[in-house]
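Spelled out from the first residue to the last, the chains are:
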Amino acid sequence: MPLIIGVPRETFAGETRVATVPEVVQKLIKQGYAVAVESGAGNLSNISDDEYRAAGAEVVSTADVWAKSDIVFKVRGPNAEEVGLLKQGGTLVSYIWPAQNPELMQQLAAKKATVLAMDSVPRISRAQKMDALSSQANIAGYRAVIEAANAFGRFFTGQITAAGKVPPAKVFVIGAGVAGLAAIGTAANLGAIVRANDTRKEVADQIISMGGEFVPVDYEEDGAGTGGYAKVMSEGYQKAQLEVFAQQAKEVDIIITTALIPGKPAPKLITADMVKSMKAGSVIVDLAAEQGGNCELTVPGEVAVVHGVTIVGYKDLPCRLAKTASTLYATNLFRLSEDLIKTKSVDPAGEGAAAINMNFEDEVVRGTTVINQGEVSWPPPPPKLSAAPAAAPKAAAPAAASHGHGPSTTVSSPARVATMFAVATVLFGLIGYGAPSAFLGHLTVFVLGCFIGYMVVWNVTPALHTPLMSVTNSISSIIVIGALVQVAPPLADGVTRPELLIKVMAAVAIALTAINMFGGFAVTRRMLDMFRKN
């Protein structure tokens, strides 16, 4: 018999998502699983029981979904009652947050369960398709801007009408992870002036690419930690950072905070004094509310108005787009099941999976598994590939001057360049002294051609083109100029006209390079049309 994946209804207060959707049910069945869904599990995501049945799932009662299931797919971690319903030795896949829930970990270990935590998926390239934290953070960042727009008393975009002028809203985003970048892109698309800050310097280009302006902190320290997360910064950096935030609070209309550090409470980045300094009618959306909030005045789960500033502390932003959030989360689970199914045991009759063997040599499976058959396996070893940038090598100290211990072999860069020029000058002088005048003229043209060619081709800045296309278009331009010289008539008497073959080859070169150049611009236009709004 195939393994049965069970999808119970979420019981956590305010949770509207469901762990799978009909589209994913069909994919799971094609993989060889059977799917049992608790009746009413998808109601809050606008998915009916009939839709699940049409996709091939069995709709069952609460007791049956836990009793029948070999693997349970959930969104929120189970409560004590649900842990009791879980099969002895069963498998659970859901959010667990093992660092924050040691009691839940012990309860699940006592059931001899195998538990895969979707919040522990390694942040490596191969696991991006299973990264539920990112897929849900993307939704939260988008929804944060929508909530801010709802609470804000003005347009995001600026307008000039006969009735008057409306300035654009100014939005400041703290933290440029997945949620932060989603918020930056959404606010920019709505027409706001967007600024953003992050402790990781490498995300500055990402902020700009999403339509924002990077606001740096005048303090030399990089906040990139392991696995692509931010790390705790020094006191000096934190002080400089708060000064920047205090200045931004006075200028902007909306602040969206997304700063979180794994395993630690959310850092307090917006103080009560900053809130007091904001203009009346301003809005703060605190995406870190569930972990205590980045703002000192955030009330987790509620909307508070303090000093005329609306502080949105919702803990369920992805749940406010329930169907989309459920679909993305279900896809993450399906991708994880694909990795698990590679190691499943199939019965001799070929009727389906009999068991799943946890392959701890697979970095994704090992990192995601927090309990293996009742044995706590969390925390996992660090991933082999880290998203954190490699530390820059320290500059080599200049060699000390020689004091009877042998000559120094270190030569400064300016000295090296001067030496090369001196050697080149002597070499060209010797060549010029003995070479015929015709050769000297050709050599001069060759050297100048190499220099100009380098400057024209390799120094082209890619604007709308890719770097490769910029270089090929530059080379094509040079070819066209050379071919035109060959095709053109002589400028003065006595200059030999090109032979017919040379003219034909030059004409062919012009045609081919023209096709390449105009084709490059046509491709660029098509690429730009992909991002143009209708």
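Residues numbered from 1 in each chain as written. Predicted model: local features only at pLDDT ≥ 70, side-chain atom pairs only at ≥ 80, totals over all residues. Heavy atoms only, no water.

Trainee: How do you make sense of the overall build of the protein chain when you look at a structure like this?
Mentor: The secondary structure content of the protein chain amounts to 16 helices and 19 strands. Relative to its full complement of 534 residues, the protein chain shows a buried share of 40%. Within the protein chain, contacts between residues separated by at least 24 positions form 62% of all contacts whose residues are at least 6 apart in sequence. (Helix = DSSP H or I, 4+ residues; strand = E, 2+ residues; numbered from the N terminus. Buried < 20%, exposed > 50% of the residue type's maximum accessible area, 1.4 Å probe, protein only. Contact = heavy atoms within 4.5 Å.)

Trainee: Hey, could you run me through helix 9 (residues 235-251) in this one?
Mentor: Working note: α-helix, 3.6 residues per turn, so residues spaced by three or four point in the same direction. Helix length check: helix 9, at 17 residues, gives a terminal C-alpha distance of 25 Å against a target of 24 Å (1.5 Å per residue), a fit within 8%. By the burial criterion, the buried members of helix 9 are Tyr 237, Ala 240, Gln 241, Val 244, Phe 245, Gln 248 and Ala 249. Contacts made by the buried residues of helix 9 are with strand 9 (170-174), strand 10 (193-197), strand 12 (254-257) and helix 10 (272-277). (Expected span 1.5 Å × (residues − 1).)

Trainee: How should I be thinking about unusual backbone geometry in this particular structure?
Mentor: Excluding glycine, most residues fall at negative phi; most peptide bonds, likewise, are trans. Here the bond from Trp 378 into Pro 379 is cis, since omega is 0°, no more than 30 degrees from zero. With phi around 55°, Trp 97 is a residue other than glycine that occupies positive phi space. Mapped onto the elements, Trp 97 comes out in the loop between strand 5 (91-94) and helix 5 (102-110). A relative accessible area of 35% means that Trp 97 is categorised as partly exposed. Phi at His 307 is positive, roughly 55°, even though this residue is not glycine. With respect to the element layout, His 307 can be found in the loop between strand 14 (303-306) and strand 15 (309-312). Given a relative accessible area of 45%, His 307 falls into the partly exposed group.

Trainee: How should the pattern of salt bridges be read in this particular structure?
Mentor: For side chains bearing opposite charge, pairing can occur when the charged atoms are close. What the rule picks out here adds up to 21 salt bridges. Between Asp 70 and Lys 87 there is a salt bridge whose closest N-O contact spans 3.3 Å. Of the two residues, Asp 70 sits in the loop between helix 3 (62-68) and strand 4 (71-73) while Lys 87 sits in the loop between helix 4 (80-85) and strand 5, which places them 17 residues apart along the sequence. Salt bridges here are not isolated pairs; linked through shared partners, they connect Glu 15, Arg 17, Arg 76 and Glu 290. (Salt bridge = Lys/Arg side-chain N within 4 Å of Asp/Glu carboxyl O.)

Trainee: Could you clarify how one ought to interpret the environment of Val 37 in this entry?
Mentor: Note on placement: Val 37 falls in strand 2 (residues 34-38). The class for Val 37 is buried, based on a relative accessible area of 0%. Taking C-alpha positions, Val 37 is 8.4 Å from Ile 5, a pair spaced 32 residues apart along the chain. Setting aside residues up to four positions removed in sequence, Val 37 forms contacts with Val 7, Tyr 52, Ala 57, Glu 58, Val 59, Val 60 and Val 65.

Trainee: Would you take a moment to explain the confidence of the model for the protein chain for this structure?
Mentor: Should the pLDDT be low somewhere, the predicted coordinates at that spot are not to be read in detail. Taken residue by residue, the protein chain gives an average pLDDT of 85. The fraction at 70 or more is 82%. Scored below 50 in pLDDT, residues 344-354 shows 20 contacts in the model against residues more than four places distant or in partner chains. Contacts for the low-pLDDT stretch residues 394-412, under 50 throughout, to residues beyond four places or in other chains number 6 contacts. (pLDDT = per-residue confidence, 0-100.)

Trainee: When you look at the sheet that holds strand 12 in this model, what are you seeing that I'm missing?
Mentor: Strand order in this open sheet of 7 strands is 11-10-9-12-13-15-14, and the pairing throughout is mixed. The sheet terminates laterally at strand 11 (213-214) and strand 14, the two strands that pair on one side only. Two strands pair when backbone bridges link them, and strand 9 and strand 10 are joined in this way by 5 bridges, in the parallel orientation. Residue Lys 170 lies in a different strand from strand 10, and its bridge partner there is Ile 193. Its contacts with the sheet place helix 6 (residues 132-151) against strand 12, strand 13 (283-286) and strand 15, and it is angled at close to 155° to strand 13. (Pairing = 2+ DSSP bridges. Axes fitted to C-alpha atoms, helices over the stretch in contact; angles between N-to-C directions.)

Trainee: How do you make sense of the side chain of Arg 76 when you look at a structure like this?
Mentor: Checked against the element boundaries, Arg 76 lands in the loop between strand 4 and helix 4. In this structure Arg 76 comes out as buried when scored by relative accessible area, which is 16%. A polar atom in the side chain of Arg 76 sits 2.7 Å from the side chain of Glu 15. When near neighbours in sequence (up to four residues on either side) are disregarded, Arg 76 contacts Glu 10, Phe 12, Glu 15, Arg 17, Ser 94, Tyr 95, Glu 290 and Lys 315. (Polar contact = N/O pair within 3.5 Å; in protein donor to acceptor, adjacent residues only side chain to side chain.)

Trainee: How should I be thinking about the packing of helix 6 against helix 7 (residues 178-189) in this particular structure?
Mentor: Packed helix pairs are characterised by how far apart their axes lie and by the angle those axes make with each other. Put simply, helix 6 and helix 7 touch, their axes get as near as 7 Å, and they point 35° apart. The handedness of the crossing between helix 6 and helix 7 comes out as right-handed. Facing Ser 134, Ala 137, Asn 138, Gly 141, Tyr 142 and Val 145 of helix 6, the residues of helix 7 in contact are Val 178, Ala 179, Ala 182, Ala 183, Thr 186 and Ala 187. Here the contact of helix 6 with helix 7 is built from residues that sort into 8 nonpolar, 4 polar and no charged. (Left-handed = near helix turned anticlockwise from the far one by under 90°. Nonpolar A, V, L, I, M, F, W, Y, C, P; charged D, E, K, R; others polar.)

Trainee: What's the story with the side chain of Thr 257 in this structure? I'm lost.
Mentor: Mapped onto the elements, Thr 257 comes out in strand 12. Within polar-contact distance, the side chain of Thr 257 engages the side chain of Asn 294 at 3.2 Å. Not counting residues up to four positions away in its chain, the partners in contact with Thr 257 are Ile 174, Ile 270, Val 285, Asp 286, Leu 287, Ala 288 and Asn 294.

Trainee: Could you clarify how one ought to interpret the nonpolar core in this entry?
Mentor: If you look at the biggest cluster of nonpolar residues, it comprises 40 residues, and the most contacted ones within it are Leu 28, Tyr 52, Phe 73, Val 93, Met 118 and Tyr 329. Mapped by element, the contributors of at least two residues to this core are strand 1 (4-7), helix 1 (22-31), strand 2, helix 2 (49-55), strand 4, helix 6, helix 11 (322-341) and helix 12 (363-368). It is helix 11 that provides the largest number of residues to this core, a total of 6 residues. In contact with Val 93, not counting residues within four places along its chain, are Ile 71, Val 72, Phe 73, Lys 74, Leu 116, Met 118, Tyr 329, Leu 333 and Leu 336. In this structure, Ala 144, Phe 152, Val 171 and Ala 187 belong to the second largest nonpolar core, which totals 28 residues. (Core = buried A, V, L, I, M, F, W, Y, C linked by side-chain atoms within 4.5 Å.)

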